Amino acid sequence: MSAAKKTTKSNSDDYLRMYRQMVRIRTFEDNANQLYLSAKMPGLTHMYSGEEAVAVGICEALTDNDRITSTHRGHGHCVAKGAEFKQMFCELLGKEEGYCRGKGGSMHIADQSHGNLGANAIVGGSMGIATGSALRAKLQGHDDVTVCFFGDGATAQGLLYEVMNMAALWNLPVIYACENNGYSEYTKTEEIAAGSITARAEAFGIEAFKVDGQDVLAVNELTQKLVARCRKGEGPFFIELETYRYHGHHVGDINREYYRSKDEEKDWKENRDPIIRFRGWLVEQGIATEDEIEAMNAEIENDAADAVSYAEAAKYPDISEVDMHVFAD
Amino acid sequence: MREITLSQAVNEALAEELRRDPTTFIIGEDVAEAGTPFKVLSGLVEEFGTDRVIDTPISEPGFMGIAVGAAMTGARPIVDLMFGDFIFLIMDQLCNQAAKTHYMSGGKLNVPLVLRTNMGATRRSAAQHSQSLQALVAHIPGLKVAMPSSAYEAKGLLKTAIRDNNPVVIFEDKLMYQDKAPVPEEEYLIPFGEANIKREGKDITLIATSSMVQVAEKAADILSKEGIEAEVIDPRTIVPLDEATLIESVKKTSRAIVIDEGHQSYGVTSEIASRLNEKAFYHLDAPVVRMGAMDVPIPFSPALEDITVPTPEGVVETARKLCSGELIHAA
Ligand SMILES: Cc1ncc(C[n+]2csc(CCOP(=O)(O)OP(=O)(O)O)c2C)c(N)n1
């Protein structure tokens, strides 16, 4: 782990919360995958497993006032920004108590009350939204920061270059967080992105950083610094986070050896897993014992199981809701 | 006759045309090794190589624009747009560039390209992956629009589209990719602007596009048991539209329902209904009724999504009312 920080009591709490949030994401995804495999979940979903340190490292550097925009692979951002399992599973199953009243589903899941402006099924579709949120903060004199999550594949969208240009011209408090998991659907990143990813931002005079996205402390430390600088009007910033998705592009993408080897997957899972690495560090630093960690894992698993049962039994929205929310009052 | 899926039919049409015309190529996201997420293009890159089956980054306006330029200068690109919903990203290249170039150049430049994309809800894919946006492009002069209703139609219409000298947009229903239909081994083309009378009837005309043809046929089966004989017509292409066949039918039946999966307001159904009103008014015994998707973004929840699209039961109910003379649009 990058940080050999002095571990004060409050630091310890922060670290334990980061661990807990990463495990909550992994556990949420394991359950979501199970729901898909047992044909209980309508449609498809994109798993965040493997990328937990990215969402958690970043969101733990934010307050509820700060905003994020999320992607089609959005469960991790949603959990990390403070969402509860119950409403999330309800959304996944299209139930009324879901965060979007069942209207959004996996690809639009978001707990809006914690500053999540939405998961987006259009790749790159949120880049304007995030930048607009930052413009609003600046115009209205607020010090909140907006983080725009997107994948390496999304760097191919022209919109990114339009909004980075404006964000740089106007010094907007936005952080572009590129989750580079090495693949854009079924294609390797190097086949769809020419040149360097960070250089794209640098061309606009935006300071860009590359960080190990499997190291939650490294991600968190960097984000804390950039958020503080954004609040002082020094934004925008760009971060490329090197990470990996453990599952297929979506849950139905099972036979994927034609684009990605099993050995490669095994290597990332066994040698670079963000949760295993952080857990080892917590124990080594004496912040938690193995037993305490096991107890925490078990508690999270129980929470998830309860939330799943709850969501399964929850009711669907009444059909009268179908034309509600087309327009605001 | 052998039966193949709509997906295989599209694949065959592409393979045949790529073999026939070396200026054709396919361009889009994950079209090569992956063969698209729906696996419609599987095997093509193996035969034609990566110069004719070109994988792109996720840059829809970019590759659409590239296709327009290639088409203007002697190639026949076949663009693969993974979801019909992404048409909003390429609107400028499609509607301001491809659609208008022939006209703006006084007929000197052609844009012979095909945009293959899809439509159709009830796949639990929520509001940004479920839309049926044919009306948006049909509105723009210069674009032809085909809506295959079966594997047979998909193959014949696609081959015609590839040989057309204009930009053609084809909407395939993504829920029909695995549906089988008889498709001859021998080559055939389906001309644009020739509607297909799927079933003859004398009491009411059901005009339906794409997967709504199945909905209309199911409705016709039910109605027939009640003594109402419905005529089912598939326009096949909504631009050009075979008005004559539709009008002939309505003159005979005096009643019509138009069914299309796009949103009902300002949609394909509205256009066809008003043409019938204008040109067959004195033959009508009842107002022409539109049945489209509800005017709401497509919701994710199955409980809501299923009620947003036309169903055979809904068509039957409306047809019954029209045939019994019930005033269905009382003010
Ligand atoms: C505009 C647009 N084009 C294509 C797609 C289909 N699609 C969904 S996810 C995806 C790959 C995205 O790759 P990346 O941005 O790297 O994110 P990752 O899936 O790796 O997290 C594609 C092509 C889409 N949803 N939106």
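Residues numbered from 1 in each chain as written. Chains lettered and ligands numbered in written order. Predicted model: local features only at pLDDT ≥ 70, side-chain atom pairs only at ≥ 80, totals over all residues.

Naming follows an unreviewed UniProt entry, where chain B appears as Pyruvate dehydrogenase E1 component beta subunit of Rubricella aquisinus. Among the UniProt annotations of chain B, the heading Cofactor (unreviewed entry) holds the following wording: "thiamine diphosphate". (UniProt positions renumbered as here; feature names shortened; annotations may be inferred.)

In the annotation of an unreviewed UniProt entry, chain A is listed under the name Pyruvate dehydrogenase E1 component alpha subunit and assigned to Rubricella aquisinus. Heading Cofactor (unreviewed entry) of the UniProt record for chain A holds this comment: "thiamine diphosphate". Per its UniProt entry, chain A bears the Function (unreviewed entry) comment "The pyruvate dehydrogenase complex catalyzes the overall conversion of pyruvate to acetyl-CoA and CO(2). It contains multiple copies of three enzymatic components: pyruvate dehydrogenase (E1), dihydrolipoamide acetyltransferase (E2) and lipoamide dehydrogenase (E3)."

(A) Just the overall build of chain B, in detail. Along the backbone of chain B there are eleven helices and 14 strands. Relative to a compact globule of 331 residues, whose C-alpha radius of gyration would be 20 Å, chain B shows 20 Å and is just as compact. Expressed along its principal axes, the backbone C-alpha trace of chain B runs to roughly 60 × 40 × 40 Å. Burial status across chain B gives 55% buried among its 331 residues. Sequence-distant contacts in chain B: of pairs separated by 6 or more residues, those separated by 24 or more amount to 79%. (Helix = DSSP H or I, 4+ residues; strand = E, 2+ residues; numbered from the N terminus. Rg over C-alpha atoms; globule rule 2.2 N^0.38 Å. Buried ≥ 20, exposed ≤ 12 C-beta atoms within 10 Å, placed from the backbone. Contact = placed C-beta atoms within 7 Å.)

(B) Looking closely at the site of the ligand. Neighbouring residues of the ligand: 21 residues in total, closest V123, G151, G153, A154 and S184 of chain A. Those chains with residues close to the ligand are chains A and B. Only β2 (146–151) and β4 (183–184) of chain A provide two or more residues apiece to the shell around the ligand. When its residues are assigned to classes, the shell around the ligand shows ten nonpolar, six polar and five charged. (Near = placed C-beta within 6 Å. Nonpolar A, V, L, I, M, F, W, Y, C, P; charged D, E, K, R; others polar.)

(C) Summary view of the UniProt feature "domain: Dehydrogenase E1 component" (unreviewed entry) in chain A. According to UniProt, the "domain: Dehydrogenase E1 component" (unreviewed entry) feature falls on residues 20–319 of chain A. Across residues 20–319 of chain A one finds 45% helix and 11% strand; the C-alpha atoms that close the span lie 38 Å apart.

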